[in-house]
Amino acid sequence: MARLAEIGDSLPRGARDDNAAVGDHVENTESYSGGFGFTQDAASALSVTGTIGSESDLITTNDVDGYTYVGVVNGAETFDPSASFLGVTGTQPTEAGAEPASGSGNGYNRWEDVNGPGVWYESAVWTVSSTGALSATWINPGGEGVTSPAVALGSPNIAAFTSYFAVFSDAAKTEFLGYADVTSTASAAGGFSLTQDASDALIVKATVGAASNLLPVNDEDGYSFIGVVNGAQTYSGGYVVVTGTQSTNAGAAASLGSGNGYSRYTDVTGTTTYYESAVWAVTSDGSLSVNWANPGSTSVALVGVMDSDNYIKFSSSTSGYTEVYCGIVTEVAN
């Protein structure tokens, strides 16, 4: 068994909550609504051990509420990361790869002990990296695994899971270029730029698939979808800009935005553009690409690119640009 740091040490910087500071430890009690909360007192931090790899149990010896396994709970048997989060709490053990378990009384998981029946739980869900970073894979009915990366701050003040839009120099992710900046859409360019400051990082949710929506948790400009905009309805070259948009249907040709409220790009620049939201191809490892839907039910595959203005774009060609890896990540190792 490899000794891990307290879970709090794996918190992605940038997770924010009015009741807890970034970098707090996960506290060794589920006294806050039945889920693990946070503390700045290292003496009260939850200590765990786990095996490096996937489908690992996290074992704790100092949970004051008496549970040995650190697991996750969900309000339904099927987990949809675009609609909810997994709460982190003490549970009874479940088998690796097993479908969710439920309890009908006290002693199955701390969440139900406090709140009463109504959740499903799993324990052997943890993927543990060599650096101690954590992600959890919830097994839906039928055996489908849904990965929810990174211990972060839920609402309110409960250990939960979230993730960030980030950009790397290449597919191997050897050089981190920055997070999508949650504040950048207020700038003259109207699109997301990069920041090295994770406290300004854009938090997103997505579903693995070919025509997914990318949903922002903290877009400060108020948009509910992260989409792309283009100067014409038909993409025929150049690049599209990543920005906040209204929603569009998967596979539908781009909608026209000719005034405020359609896309942040148009709000800022005053330029009439076409926008699409359900364009994201999201893989199980979090990588992102774009499929722009042209009129006539044809689509064009676009990859992430950057140039000197530092704004996130997607293009069908890397000529004149630097190709980059765009993905959804838990945290970036220093």
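Check the entry above for the structure.
How each quantity is defined
- Residues numbered from 1 in each chain as written.
- Predicted model: local features only at pLDDT ≥ 70, side-chain atom pairs only at ≥ 80, totals over all residues.
- Heavy atoms only, no water.
- Helix = DSSP H or I, 4+ residues; strand = E, 2+ residues; numbered from the N terminus.
- Buried < 20%, exposed > 50% of the residue type's maximum accessible area, 1.4 Å probe, protein only.
- Areas by Shrake-Rupley, 256 points an atom, 1.4 Å probe, with all protein chains shown as cover.
- Core = buried A, V, L, I, M, F, W, Y, C linked by side-chain atoms within 4.5 Å.
- Contact = heavy atoms within 4.5 Å.
- Lys, Arg positive; Asp, Glu negative; His and termini not counted.
- Salt bridge = Lys/Arg side-chain N within 4 Å of Asp/Glu carboxyl O.
- Polar contact = N/O pair within 3.5 Å; in protein donor to acceptor, adjacent residues only side chain to side chain.
- Phe/Tyr/Trp six-rings, centres within 6.5 Å; stacked < 30°, edge-to-face > 60°.

Student: Would you explain the overall build of the chain in this entry?
Tutor: Across its full length, the chain carries 2 helices and 31 strands. Going through the 334 residues of the chain one by one, you find that 50% of them count as buried. By element, 45% of the accessible surface of the chain is carried by carbon and sulfur atoms, the whole surface being about 13,300 Å².

Student: How do you make sense of the nonpolar core when you look at a structure like this?
Tutor: For soluble globular proteins, the rule of thumb is that nonpolar side chains tend to be buried together. Among the nonpolar cores identified, the biggest contains 30 residues, and F165, L214, W280, I312 and F314 are the most heavily contacted of them. Elements supplying a minimum of two residues to this core: β16 (163–168), β19 (203–206), β22 (225–230), β23 (239–245), β26 (280–282), β27 (288–294), β28 (298–306) and β31 (325–329). Here L214 is in contact with F165, V204, K205, A206, F225, I226, W280, L288 and I328, once residues within four sequence places are set aside. One finds V26, L58, L86 and V88 within the second-largest nonpolar core, a separate group that totals 17 residues.

Student: It is not clear to me how the environment of E175 should be interpreted in this structure. Could you clarify?
Tutor: Tracing the backbone shows E175 in the loop between β16 and β17 (176–180). The partly exposed category is assigned to E175, whose relative accessible area is 44%. Ignoring any residue separated from it by four or fewer positions in sequence, one finds E175 in contact with F168 and S169.

Student: Just checking my understanding: could you explain the side chain of E276 for this structure?
Tutor: Position of E276 among the secondary structure elements: in strand β25 (residues 273–276). For the buried E276, which has no salt bridge, the nearest side chain bearing the opposite charge is K313, at an N-O separation of 18 Å. A distance of 3.2 Å separates a polar atom in the side chain of E276 from the backbone nitrogen of A254. A polar contact is formed between the side chain of E276 and the backbone nitrogen of A293, at a distance of 2.9 Å. Discounting chain neighbours no more than four positions away, the residues touching E276 are G227, V228, T245, T248, A252, A253, A254, N291, W292 and A293.

Student: It is not clear to me how the packing of aromatic side chains should be interpreted in this structure. Could you clarify?
Tutor: Given two aromatic rings, their pairing is described by the distance between the two centres and the angle made by the two planes. Tallied over the entire structure, the rule returns 7 aromatic pairs. Ring geometry for F165 versus W280: centroids 6.1 Å apart, planes at 85°, classification edge-to-face. With F165 in strand β16 and W280 in strand β26, the pair connects residues that are 115 residues apart, well separated along the chain. Comparing F165 with W280 shows no difference in burial state: the two are buried. Three or more aromatic residues joined by ring pairs form one cluster here, namely F168, F176, Y179 and Y325.

Nothing here speaks to function; it is all geometry.
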